[in-house]
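Chains, contacts and geometry: an overview
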Amino acid sequence: MNPELQKRAIGQMQAVAELNVAFVGVATGAIDALAEGPKDLGGLASAIGGDEAYVRRWLDAAYASLLVERVGDPPRFELSDLGRAYASGTPGTLMPFAVQAVLGAHMAERAATLTASGERPGESVLAERPSILPLFGPMLEHSFGPLFERVVSEAVPIFGEVDAAGGLAIDLGCGNGWYLRKLAKRYPHLRGIGLDGFATNVAQASALAEAEGLGDRLRFSEGDIHHFTVDEPASLIAMNRALHHVWAERDNVFRILREHLAPGGAAVIWEPVWPADPSELRSHPRYRGIAFQNLSEHVQGNHFLRPEEIAEGLEEAGLTATIYRLVEGTEAVVVGRKR
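Read on for an overview of the structure. Note that the structure is a prediction, hence the values are computed from the model and not measured. (Residues numbered from 1 in each chain as written. Predicted model: local features only at pLDDT ≥ 70, side-chain atom pairs only at ≥ 80, totals over all residues. Heavy atoms only, no water.)

1. Some remarks on the overall build of the protein
Our working definition: Only DSSP runs of H or I covering at least 4 residues are called helices, and only runs of E covering at least 2 are called strands; the numbering of each starts at the N terminus. Between the two quantities, the radius of gyration covers C-alpha atoms and the globule rule is 2.2 Å times the number of residues to the power 0.38. The contact criterion used throughout is that any non-hydrogen atoms of two residues lie within 4.5 Å. Positive charges come from Lys and Arg, negative ones from Asp and Glu, while His and the chain ends are left out of the count. Charge positions come from single atoms, namely NZ of Lys, CZ of Arg, CG of Asp or CD of Glu.
Broken down by element type, the protein carries 13 helices and 9 strands. Taking 339 residues into account, the globule formula puts the C-alpha radius of gyration at 20 Å, and the protein, at 22 Å, falls close to it. Judged by the C-alpha coordinates and their principal axes, the protein covers about 70 × 55 × 35 Å. Sequence separation of 24 or more characterises 66% of the internal contacts of the protein that already satisfy a separation of 6 or more. Of the charged side chains in the protein, 31 are positive and 44 negative; the average position of the first set lies 2 Å away from that of the second.

In C-alpha cells form, the structure reads like this:
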C-alpha cells in the first residue's frame, strides 16, 4: 500500500472520529453543559439527564479527541478550546460540521443500500435518525446565516425594498426560522410568515422568534407550498435550498408563487449552483460538498439545479428573472419579479 495514501486516510479517519465524538456531545447537550462550567461525571450526567456509564465513555472519547480536559482527582471535566468551538453559543461554532458528518454518513449508507434497487424514499430519510432532526435547523442557521448576512443581503436589493414598504415576506420550508429572523433583525419594518412540514422545526422557529423579541412580526406554522393561504399578497416569497425538492412540480409551484405575490413582489430562490459542465466540479473546493449533497438529494428524490433552469421557469410563469451569482459562482439567488 502507498504509505502516503495510508497516512492521508488515517488522518481523515481521526478527523471523522473527532466530528463523531463532537456530535454526541452536541446532540446530548454535553458540550453546551460543559460550556457553562466544569463538571464531574455525576454533575454532567445530571445536567443532561444522561446515563452515567454512557457519559463516562463519552468523556473518555472526548478527552482522547482533545475536546475536554481532566482537572484534579477525582477529575472534573472542562472544555478545551477545541471543545468550546463546538458549543452552540460560540461565534462561528463548529457544530454544523459535526452534524453534517453524521448526517452525511447516514445518507451515504442509504445511498449504498438503495443503489441496487434504485429506490428513492424521499425526504423521510431525514427523520430516520431522531438525534439529527432537532439539529437540522440550527445546522443550517450556523452554516448559511453568516453567508446571508455578509453576502446575500448585501447583493440582492429586494430585501430593502420590502422593508421600506413594510411588506410581508413568506419563507417556504423555513426550518427553524433562521432566514426570517435574520431578515427581521436587519429590516425592522418587514413582517414574516414561515411554513415548514416538520412540527419540530415550527416549534423551534416560534420559540426562537419569541426569545429574540420578534414574535410580534413573525409567525410560523406547519404547511407547504401546495397548502397555504395568506390574508394579503406577499412582497417576497423565499425558497432557500427548497426549490429542488419540488422541481418535478415546478409549473404548479411557479404558478402558486405568482398568484401569492403582490404586483412588483418577488420570488427569491437561493440554491447551490449545479455546473453545466461536470469538469467544473473540481474548479472550487465547495463543489466537493455540493456534489456529495447532490448524491444525498438523489436518495430524497431530488437533484440540484442550474440557475438558468430556475430563471427560465420563472420567466415562463410570467415573472421577470434576475440571477445573482455569489461565492465565486457556487451559489445563486434567482429573483423573479411579478410584472
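Now that the structure is up, let's keep going.
2. Quick look at the environment of Val335
Keep this limit in mind: Only protein chains enter the accessibility calculation, which uses a 1.4 Å probe; a residue is then buried when its area is under 20% of its type maximum, exposed when over 50%, and partly exposed in between.
Along the polypeptide, Val335 turns up in strand β9 (residues 331-338). Val335 sits in the buried class, given a relative accessible area of 4%. When neighbours within four sequence positions are excluded, Val335 is seen to be in contact with Val156, Ala266, Ala267, Val268, Leu314, Thr320, Ala321, Thr322 and Tyr324.

3. So, helix α9 (residues 178-186)
Among the 9 residues that make up α9, 7 are buried, leaving the element largely enclosed by the rest of the structure. The set of residues buried in α9 consists of Trp178, Tyr179, Leu180, Arg181, Lys182, Leu183 and Ala184.

4. Description of the layout of surface pockets
Stated precisely, the cut-off is as follows: Think of a 1 Å grid over just the protein atoms. A cavity is a set of points where a 1.4 Å probe fits yet cannot get out, a pocket is an open set with protein on both sides within 12 Å along at least five of seven lines, and lining residues have an atom within 4 Å of a point. Grid points are joined across faces, edges and corners, and a volume is the space filled by probe spheres set on the points.
Counted as a void, the second largest pocket has a volume near 230 Å³. Considering the residues around the second largest pocket, the lining is formed by Gly92, Thr93, Glu141, His142, Pro146, Asn176, Arg181, Lys182, Lys185, Leu208 and Glu212. Within the residue set of the lining of the second largest pocket, elements represented by two or more residues are α7 (133-155) and α9.

5. Regarding the pattern of salt bridges
Where charged atoms of side chains with opposite charge meet at close range, the side chains can pair. Our working definition: Any carboxyl oxygen of Asp or Glu that lies within 4 Å of a side-chain nitrogen of Lys or Arg is treated as forming a salt bridge with it.
Scanning all chains against the criterion turns up 16 salt bridges. Residue Lys185 is joined to Glu212 by a salt bridge in which the shortest nitrogen-to-oxygen separation is 3.1 Å. Placement of the pair is Lys185 in helix α9 and Glu212 in the loop between α10 (199-211) and β5 (218-222), with a sequence separation of 27 residues. For Lys185, a relative accessible area of 51% gives the class exposed. Salt bridges linked by common partners bring Glu141, Arg181, Lys185 and Glu212 together as one network.

6. Notes on unusual backbone geometry
Leaving glycine out, the prevailing phi sign among residues is negative, and the prevailing peptide bond configuration is trans. The omega angle of the peptide bond from Asp73 to Pro74 is 5°, so this bond is cis rather than trans. Inspection of the secondary structure assignment puts Pro74 in the loop between β1 (68-71) and β2 (76-79). With a phi close to 50°, Val327 is a non-glycine residue in the positive phi region. Relative to the assigned elements, Val327 resides in the loop between β8 (319-326) and β9.

7. Comments concerning the packing of aromatic side chains
Aromatic ring pairs are reported here in terms of the distance separating the ring centres and the angle at which the planes meet. Rules: Only centres within 6.5 Å qualify two rings of Phe, Tyr or Trp (six-membered ring in Trp) as a pair; their planes then separate them into stacked at under 30 degrees, edge-to-face at over 60, and tilted for everything else. A ring is considered to have a charge above it if a Lys NZ or an Arg CZ atom is located within 6 Å of its centre and within 35 degrees of its normal.
Here the structure, examined in full by the defined rule, presents 9 aromatic pairs. Their ring planes at 80° and their centres at 6.2 Å tell us that Trp247 and Phe254 sit as a pair that is edge-to-face. Pair check on accessibility: Trp247 and Phe254 agree, each one buried. Directly above the ring of Tyr63 sits Arg70, whose terminal nitrogen or CZ lies 5.8 Å from the centroid.

8. Remarks on the sheet that holds β5
Here is the rule we go by: DSSP calls a pair of strands paired once it identifies at least 2 bridges connecting them. Axes here refer to lines fitted to C-alpha atoms; in helices the fit is confined to the stretch in contact. Angles between the N-to-C directions go from 0 to 180 degrees.
With mixed pairing, 7 strands are arranged side by side in an open sheet as β5-β4-β3-β6-β7-β9-β8. Only two strands of the sheet have a single neighbouring strand rather than two, namely β5 and β8. In this sheet, adjacent strand axes meet at a mean angle of 15° when their direction is disregarded. Sheet topology places strand β3 (residues 168-172) next to strand β6 (residues 234-240); 4 bridges connect them, and they run parallel.

9. Side note on the packing of helix α3 (residues 41-48) against helix α4 (residues 52-64)
The condition is simple: Orientation labels follow simple angle bins: below 35 degrees gives roughly parallel, above 145 gives roughly antiparallel, 65 to 115 gives roughly perpendicular, and whatever is left gives oblique. Two helices crossing with the near one rotated counterclockwise from the far one by less than a right angle form a left-handed crossing, whereas a clockwise rotation gives a right-handed crossing.
The N-to-C vectors of α3 and α4 enclose an angle of 115°; their axes lie 9 Å apart at closest approach. With respect to each other, α3 and α4 are oriented roughly perpendicular. The handedness of the crossing between α3 and α4 is right-handed. Only Glu52, Val55, Arg56, Trp58 and Leu59 of α4 make contact with α3, whose side of the interface consists of Leu41, Gly42, Leu44, Ala45 and Ile48.

10. Considering the nonpolar core
Defined as follows: Think of a nonpolar core as a cluster: buried Ala, Val, Leu, Ile, Met, Phe, Trp, Tyr and Cys residues, connected wherever their side-chain atoms sit within 4.5 Å.
If you look at the biggest cluster of nonpolar residues, it comprises 36 residues, and the most contacted ones within it are Leu44, Trp58, Leu59 and Val68. Elements with a contribution of two residues or more to this core: α1 (3-28), α2 (30-35), α3, α4, β2, α6 (95-114) and α7. Counting residues per element, this core draws most heavily on α6, which supplies 8 residues. With near-sequence residues (within four places) excluded, Leu59 lies in contact with Leu41, Leu44, Val68 and Phe77. Core analysis: the second largest hydrophobic core is formed by 31 residues, Leu147, Val202, Ala205 and Val335 among them.

11. Focus on the packing of α7 against α9
To be explicit about the condition: Each residue is assigned to one of three groups, with Ala, Val, Leu, Ile, Met, Phe, Trp, Tyr, Cys and Pro labelled nonpolar, Asp, Glu, Lys and Arg labelled charged, and all others, Gly among them, labelled polar.
Put simply, α7 and α9 touch, their axes get as near as 9 Å, and they point 40° apart. The angle between α7 and α9 places the two elements in the oblique class. In this structure, the crossing between α7 and α9 has a hand that is right-handed. For the pair α7 and α9, the contacting residues are Gly137, Leu140, Glu141, Phe144, Gly145, Phe148, Glu149, Ser153 and Glu154 in the first and Trp178, Tyr179, Arg181, Lys182, Leu183 and Arg186 in the second. Within the contact of α7 with α9, the residues separate by chemical class into 6 nonpolar, 3 polar and 6 charged.

Nothing here speaks to function; it is geometry throughout.
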